[in-house]
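Inside the fold
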Amino acid sequence: MLVINIYMIVGFITLCWIITRLAVFLLTKKFNILRELQLILVYICIIVISRMVLLPLHLVNGHLGTIVFDASRILPFWMNLKPFTFVNDFYDGWKTNVIGNIAMFIPVGIVWPFCFKKLNTIGKSILAGGCFSLFIEIVQLLFYDHCSDVDDLILNTTGVVIGSLIYFGIKKATGKKK
């Protein structure tokens, strides 16, 4: 059993980020400080979403809560594969869940196409954001107290759609090709 806190999550993501950026530098032999500063926006999106999704939103004894990885409790996976359960199952906080899942991914729809020139269409941007959301849902399968939910995937991707429409709408309105 492993108890994971915010520092461990940020440390792991940061280590992966540094290794990835170092590998890119070694492969391309190019370093552009402005590009790295731009990519920090992607890093921030990943950190914020990981915090919001993996850790409890409320404080536990005045501190951020933790998650527990226990290999013996992973199976059976806890998941909801029935779409739009939140429409039929009005639990306490369902509105916060719906709005939060959408709002949390709007920055992905704005920041990712801004930072990655290959995400040059709304469709590519939505696909990338949807895959990121799917990755988050798969990661949640490892934690017995988290539920992977198709509704979260739908709502998160809706957030990416909204963000992408904002980004590409502004881009079109300002006449920028990128």
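See the structure printed just above.
Residues numbered from 1 in each chain as written. Predicted model: local features only at pLDDT ≥ 70, side-chain atom pairs only at ≥ 80, totals over all residues. Heavy atoms only, no water.

1. Brief notes about the overall build of the chain
The following threshold applies: Strands are runs of DSSP state E lasting at least two residues, helices are runs of H or I lasting at least four, and both sets are numbered from the N terminus onward. Contacts are assigned to residue pairs that have any heavy atoms within 4.5 Å of one another. Areas reported here follow the Shrake-Rupley algorithm with a probe of radius 1.4 Å; residue values treat only the protein chains shown as occluding.
A count of helical and extended segments in the chain gives six helices and six strands. Reading the chain from its N end, one meets helices and strands in the order β-α-α-β-β-β-β-α-α-α-β-α. If one aligns the C-alpha atoms of the chain with their principal axes, the spans along those axes are about 45 × 40 × 30 Å. In the chain, of all internal contacts separated by at least 6 residues, the share reaching a separation of at least 24 is 77%. Surface summary for the chain: the accessible area is close to 11200 Å², and the carbon and sulfur share equals 73%.

2. Thoughts on the layout of surface pockets
Selection criterion: Lining residues are those with an atom within 4 Å of a point, where the points come from a 1 Å grid over the protein atoms alone and group into cavities, where a 1.4 Å probe fits but cannot get out, or pockets, open sets with protein on both sides within 12 Å along at least five of seven lines. Grid points are joined across faces, edges and corners, and a volume is the space filled by probe spheres set on the points. Charged residues are taken to be Asp, Glu, Lys and Arg, nonpolar residues to be Ala, Val, Leu, Ile, Met, Phe, Trp, Tyr, Cys and Pro, and polar residues to be all remaining types, Gly included.
In this model, the second largest pocket occupies a volume close to 660 Å³. Along the walls of the second largest pocket sit 23 residues, with Phe12, Ile13, Ser50, Phe135 and Val139 positioned nearest its centre. Among the secondary structure elements, those contributing two or more residues to the lining of the second largest pocket are strand E1 (2-4), helix H1 (6-28), helix H2 (33-54), strand E4 (67-69) and helix H5 (122-140). For the lining of the second largest pocket, the element with the most residues is H1, which contributes seven residues. When its residues are assigned to classes, the lining of the second largest pocket shows 21 nonpolar, two polar and no charged.

3. Quick look at the pattern of salt bridges
Definition in use: Criterion for a salt bridge: a side-chain nitrogen of Lys or Arg within 4 Å of a carboxyl oxygen of Asp or Glu. Partly exposed describes any residue whose relative accessible area lies between the buried limit of under 20% and the exposed limit of over 50%, with all areas from a 1.4 Å probe on protein chains only and scaled to the type maximum.
One pass over the structure, following the stated rule, counts one salt bridge. Arg21 is paired through a salt bridge with Glu36; the nearest N and O atoms lie 2.7 Å apart. Linking Arg21 in helix H1 with Glu36 in helix H2, this pair joins segments that are 15 residues apart in sequence. Across the pair, Glu36 and Arg21 agree in class, each one buried.

4. With respect to the nonpolar core
Worth spelling out the cut-off: Remark: nonpolar core denotes a set of buried residues (Ala, Val, Leu, Ile, Met, Phe, Trp, Tyr, Cys) joined through side-chain atoms within 4.5 Å.
Grouped together as the largest cluster of nonpolar side chains are 28 residues, with contacts concentrated most on Val42, Ile49, Val108, Trp112 and Phe132. Elements with a contribution of two residues or more to this core: H1, H2, helix H4 (94-115) and H5. With nine residues, the top contributor of residues to this core is H2.

5. Things to note about the side chain of Thr157
Put simply, the rule reads: Here a polar contact is recorded for every N or O atom pair within 3.5 Å, except that within protein the pair must consist of a potential hydrogen donor and a potential acceptor, and residues adjacent in sequence are included only if both atoms are side-chain atoms.
Along the chain, the position of Thr157 falls in helix H6 (residues 150-174). Thr157 sits in the buried class, given a relative accessible area of 19%. One polar contact links the side chain of Thr157 to the main-chain carbonyl oxygen of Leu153, over a distance of 2.7 Å. Aside from chain neighbours lying at most four places away, what touches Thr157 is Ile126, Gly130 and Ser133.

6. What about the environment of Met52?
Among the structural elements, Met52 can be located in helix H2. Met52 gets classed as partly exposed once you look at its relative accessible area, which sits at 37%. Along the primary structure Met52 and Ala71 are separated by 19 residues, whereas in three dimensions their C-alpha atoms are 23 Å apart. Not counting residues within four places of it along the chain, the set of residues in contact with Met52 comprises Leu57 and Met104.

7. What to know about the side chain of Asn156
Turning to its location among the elements, Asn156 is positioned in helix H6. Assessed through its relative accessible area of 1%, Asn156 is described here as buried. In this structure Asn156 touches Asn101, Met104, Phe105, Ser133 and Glu137, once residues within four positions along its chain are discounted.

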